[in-house]
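Residue-level structure breakdown
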Protein chains: 2
Amino acid sequence: MVANILVTTEYVDDESAARLKKRAAICKLDETMSQEQLAEFLPTIDVLLVFSWPKQLSAENLRLMTKLKLVQNILAGVNQVPFNHLSGDVIVCSNAGAYSTEVGEYAMGLLLASAKRIVESHNSIKQEQWNFQRTMDVGSHVTMLENEVLGILGYGGIGAYTATLAQSFGMKIYAWTRGKRPSKLVKLFTGERGLDEVLARSDCVVLALPLTKETRGIIDSERLRRMKKDAILVNVTRGELVDEKALYEHLAANPSFRYATDVWWYNQGRESLKTDYPFLSLPNFVGTPHLSGPSGLATGRPVKLAVDNVLRFLRGLAPRNIVDRSDYVNGR
Amino acid sequence: MVANILVTTEYVDDESAARLKKRAAICKLDETMSQEQLAEFLPTIDVLLVFSWPKQLSAENLRLMTKLKLVQNILAGVNQVPFNHLSGDVIVCSNAGAYSTEVGEYAMGLLLASAKRIVESHNSIKQEQWNFQRTMDVGSHVTMLENEVLGILGYGGIGAYTATLAQSFGMKIYAWTRGKRPSKLVKLFTGERGLDEVLARSDCVVLALPLTKETRGIIDSERLRRMKKDAILVNVTRGELVDEKALYEHLAANPSFRYATDVWWYNQGRESLKTDYPFLSLPNFVGTPHLSGPSGLATGRPVKLAVDNVLRFLRGLAPRNIVDRSDYVNGR
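1. Describing the overall build of chain A
A tally of regular secondary structure across chain A gives twelve helices and 14 strands. For chain A, the C-alpha radius of gyration of 22 Å lies close to 20 Å, the compact-globule estimate for 332 residues. By principal-axis analysis of the C-alpha atoms, chain A measures approximately 70 × 45 × 40 Å. A total of 332 residues make up chain A; the buried ones form 57% of that total. Restricting the contact set of chain A to residue pairs at least 6 apart, pairs at least 24 apart contribute 65%. Accessible surface for chain A amounts to roughly 14300 Å². Of this, 48% is attributable to carbon and sulfur atoms. Placing the 40 positive and 36 negative side-chain charges of chain A at their respective mean positions leaves the two points 6 Å apart.

Structure (structure tokens):
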């Protein structure tokens, strides 16, 4: 099959473009294109290769893409894809696994930063609000990871990689997952009751879930209350997994509970560092600006894996990471 | 042997005290004791169990301790012990290994906090100096630990534990050590040339050395220059291993080089958070107030191990962790 591929991002490097060109013609989406130009070539496109969803691919313009067969994402998650406006026979592929090492390392970084109170104590020294007596008091509230239970919600590539790192610290792993991956090293839980059990029994919890209609707001006030009062909750996949108001109130009321995140809530459809509540005034909150993904992108691997998958599809093989669209949209 | 033990710290819990009492009489050093009282019982003491070195045990009072046979430390390091004023036949034991897990976890926490730029980016968001474009730029300067070389200076309990954690991240370990511990998993280096080689070839370096007359200021301006321009240097044992002025100048001149420490320089003989240079104004400096030791102390294990060692000695067995006094003092 010789296809027309629309590339909507600058992250596709020359080497990857050259690999695609052996099998396809590449069009690049350009912000300056007129609606007339778009109307001319969008109907010819077979494959979309996307990073952030481009504004130009509105509902109206998607209706023009009558030949579209595959949407391949370079981001790991597909929650930005406007499933409602894509024809039912379009295959949508995530880039699951492409960032597992980067995001797994980041998860351990956030977990340790919270457990060891690194941000909080660094800033207290900076403000000259520290002395060695406080060290003796606070030192006894530093969390040791050894022998603690780490709950991992979502046991895909990121969750599994985080588990191997945490196991080297002597942590016991409880993983909550839909799939039935048998594992000797990890205790698996499923379903609503499994989720409640993992939350109640874990000393630390890492959120490694995709954002779907089922997982949006999965950590709400009730589930926060089920967790241990001095638990550490780490989020490395999507901010919207956690109910913003419930989390703020829980952190403010429970100073021993800690939240460390690399990902943020959405504001007008985009992840935003502006929050509705003053999280950064709380000593038990650590936040970084979604650095784990770009650190992966910088390696070139996510683009390479996305292009590999497009090439599989063009060779007539089943692509990997096909998304179950019913996870993202109600009805079809 | 029934002995008199002088306990100079509050950290010896009731259970440990009860174990000692089966073999010895315990005296507690009290800050309110008069010189007359001290002069009466110090000559009867066989064993000293110390945490920080107490002011009352001055050179003059040590001369009164004519029966003293053993000084057992609860701190891992013995650099506070006034070796010059102890009779040559007194055995001094460190508590090496008692904090390996706590300090090893802390070392990985500081390494990841620096590698992932957690403190720096958290504070930038707080000051509203961040946007997602910066995320893309800075994200590419996040350090991935996988496949990097970690140099560990000092391969005792802390160094070895840190190595096992770092290996799970896929790091290669170069260890600089005096002892000849053969190891399949770690490449060992010795001597001055070995040190220079580890520094030059490592992407990250963890200082896990005791502070001795040989290691004081071992990281000076010349050795900093040998390191990679974007290396990460982590210190978890003693601040005085690093030349303060040389480090400040190196960090100021090399913004990609990062230093993360839990331990500080000495001021009037005591570790102090007051530094001669404004380290906390640098974005490539992370500092915490020596939290790793107290986190270990809170587990009770260091006191238990120190008491175990005293009991070994009282039973006539060779105690563990006997310090080579020539490492700490010139001439005798």
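So, next bit.
2. Re the packing of aromatic side chains
According to the stated counting rule, one finds 18 aromatic pairs over all chains in the structure shown. Measuring from ring centre to ring centre gives 4.7 Å for tyrosine 11 of chain A and phenylalanine 51 of chain A, while their planes differ by 65 degrees; the resulting arrangement is edge-to-face. Pair noted here: tyrosine 11 of chain A is in the loop between strand S1 (3-7) and helix H1 (14-21) and phenylalanine 51 of chain A is in the loop between strand S3 (47-50) and helix H3 (59-64), with a separation of 40 residues, a long-range link. With a relative accessible area of 32%, tyrosine 11 of chain A lands in the partly exposed category. A relative accessible area of 14% places phenylalanine 51 of chain A in the buried class. A centroid spacing of 5.5 Å and a plane angle of 85 degrees characterise the contact between tyrosine 248 of chain B and phenylalanine 279 of chain B, whose relative ring orientation is edge-to-face. You can see tyrosine 248 of chain B sitting in helix H10 (residues 244-253) and its partner phenylalanine 279 of chain B sitting in the loop between strand S13 (270-271) and strand S14 (285-287), a full 31 residues away along the chain. With respect to burial, tyrosine 248 of chain B and phenylalanine 279 of chain B carry one shared label: buried.

3. Looking at the relation of the copies chain A and chain B
For the match of chain A to chain B, the screw axis carries a shift of 0.0 Å, the RMSD comes to 0.1 Å, and the turn is 180 degrees. The operation mapping one copy onto its partner corresponds to a two-fold rotation axis. Across chain A, the smallest distance between a C-alpha and the rotation axis is recorded for valine 119 of chain A, namely 2.7 Å. A share of 100% of interface residues in chain A that are also interface residues in chain B marks the association as one of identical surfaces.

4. Points about the sheet that holds strand S10 (residues 232-235) of chain A
Residues and elements named next belong to chain A. Taken in spatial order, the seven strands of this open sheet run S8-S7-S6-S9-S10-S11-S14, and their pairing is parallel. In this open sheet, the two edge strands, each paired with only one partner strand, are strand S8 (186-189) and strand S14 (285-287). Ignoring strand direction, the axes of neighbouring strands in this sheet form an average angle of 15 degrees. As paired strands, strand S6 (residues 149-153) and strand S9 (residues 204-207) are joined by four bridges and run parallel to one another. Across the sheet, glycine 151 pairs through a bridge with valine 205, a residue of S9. Sheet strands in contact with helix H8 (residues 191-201) are S6, strand S7 (172-176), S8 and S9, and its direction is about 150 degrees off that of S7.

5. A short note on the confidence of the model for chain A
Overall, the predicted model of chain A reaches an average pLDDT of 93, with 97% of residues at or above 70. Interface confidence for the predicted complex, expressed as ipTM, amounts to 0.92; the pTM equals 0.93.

6. A closer look at the interface of chain A and chain B
Contact with chain A, which involves 55 residues of that partner, is made by 55 residues of chain B. Taken together, the two surfaces of chain A and chain B that pack against each other cover about 4600 Å², and 73% of this comes from carbon and sulfur. For the interface between chain A and chain B, the tally reads two salt bridges. The salt bridge involving glutamate 105 of chain A is made with lysine 116 of chain B; its shortest N-O contact spans 2.8 Å. Our count for the chain A to chain B interface comes out at twelve residue pairs in polar contact (both at pLDDT 80 or more). The set of elements that each furnish at least two residues to the side of chain A that touches chain B consists of helix H4 (100-115), helix H5 (118-126), helix H6 (132-139), helix H7 (157-168), S14 and helix H11 (292-297) of chain A. When residues of the side of chain A that touches chain B are assigned to their parent elements, the largest contribution, nine residues, is made by H4 of chain A.

7. So, the pairing of S1 of chain A
Residues and elements named next belong to chain A. Counting buried residues in S1 gives four out of five residues, a clear majority hidden from the surface. Of the strand pairs in this sheet, S1 and strand S2 (residues 24-28) are connected by five bridges, and their pairing is parallel. In the sheet register, valine 7 faces S2, and the bridge partner there is lysine 28. Following the chain from S1 across H1 to the adjacent parallel S2, one finds a crossover that is right-handed. The pairing of S1 with S3 spans three bridges and is parallel. Each residue of the ladder has a partner; that of leucine 6, found in S3, is leucine 48.

8. Some details on the sheet that holds strand S7 (residues 172-176) of chain B
All names here are of chain B. The sheet built from seven strands is open, its strands ordered S8-S7-S6-S9-S10-S11-S14 with parallel pairing. A single partner strand is all that each edge strand has here, and the edge strands are strand S8 (186-189) and S14. Strand-to-strand twist across the sheet, computed as the mean angle between neighbouring axes with direction ignored, equals 15 degrees. For strand S10 (residues 232-235) and strand S11 (residues 258-261), the ladder comprises four bridges, and the chain directions are parallel. Residue pairing across strands places leucine 233 opposite tyrosine 259, the latter belonging to S11. Against the sheet, helix H4 (residues 100-115) touches strand S6 (149-153), strand S9 (204-207), S10, S11 and S14, its axis set at about 150 degrees to S10. This element, helix H8 (residues 191-201), spans S6, S7, S8 and S9 of the sheet and lies at about 150 degrees to S7.

9. A short note on the pattern of salt bridges
Residues and elements named next belong to chain A. In this structure the tally under the stated criterion is 32 salt bridges over all chains. A salt bridge links aspartate 196 to arginine 226; the nearest nitrogen and oxygen atoms lie 3.3 Å apart. Taken as a pair, aspartate 196 in helix H8 and arginine 226 in helix H9 (residues 221-226) lie far apart in primary sequence, 30 residues in all. Residues joined in a network through salt bridges with shared partners are Glu192, Asp196, Glu222, Arg223 and Arg226.

10. A look at helix H10 (residues 244-253) of chain A
Residue and element names in this part refer to chain A. Where H10 is concerned, the buried positions are Glu244, Ala246, Leu247, Tyr248, His250 and Leu251. Of the surrounding secondary structure, the elements contacted by the buried residues of H10 are H9, strand S11 (258-261) and S14. One side-chain oxygen at the N-terminal end of H10 lies 3.3 Å from the backbone nitrogen of lysine 245; it belongs to aspartate 243.

Definitions and cut-offs
Residues numbered from 1 in each chain as written. Chains lettered and ligands numbered in written order. Predicted model: local features only at pLDDT ≥ 70, side-chain atom pairs only at ≥ 80, totals over all residues. Heavy atoms only, no water. Helix = DSSP H or I, 4+ residues; strand = E, 2+ residues; numbered from the N terminus. Rg over C-alpha atoms; globule rule 2.2 N^0.38 Å. Buried < 20%, exposed > 50% of the residue type's maximum accessible area, 1.4 Å probe, protein only. Contact = heavy atoms within 4.5 Å. Areas by Shrake-Rupley, 256 points an atom, 1.4 Å probe, with all protein chains shown as cover. Lys, Arg positive; Asp, Glu negative; His and termini not counted. Charge placed at Lys NZ, Arg CZ, Asp CG, Glu CD. Phe/Tyr/Trp six-rings, centres within 6.5 Å; stacked < 30°, edge-to-face > 60°. Least-squares fit on C-alpha atoms with pLDDT ≥ 70 in both. Pairing = 2+ DSSP bridges. Axes fitted to C-alpha atoms, helices over the stretch in contact; angles between N-to-C directions. pLDDT = per-residue confidence, 0-100. Buried area = accessible area lost by both parts, 1.4 Å probe. Salt bridge = Lys/Arg side-chain N within 4 Å of Asp/Glu carboxyl O. Polar contact = N/O pair within 3.5 Å; in protein donor to acceptor, adjacent residues only side chain to side chain. Right-handed = clockwise from strand over helix to strand, strands pointing away.

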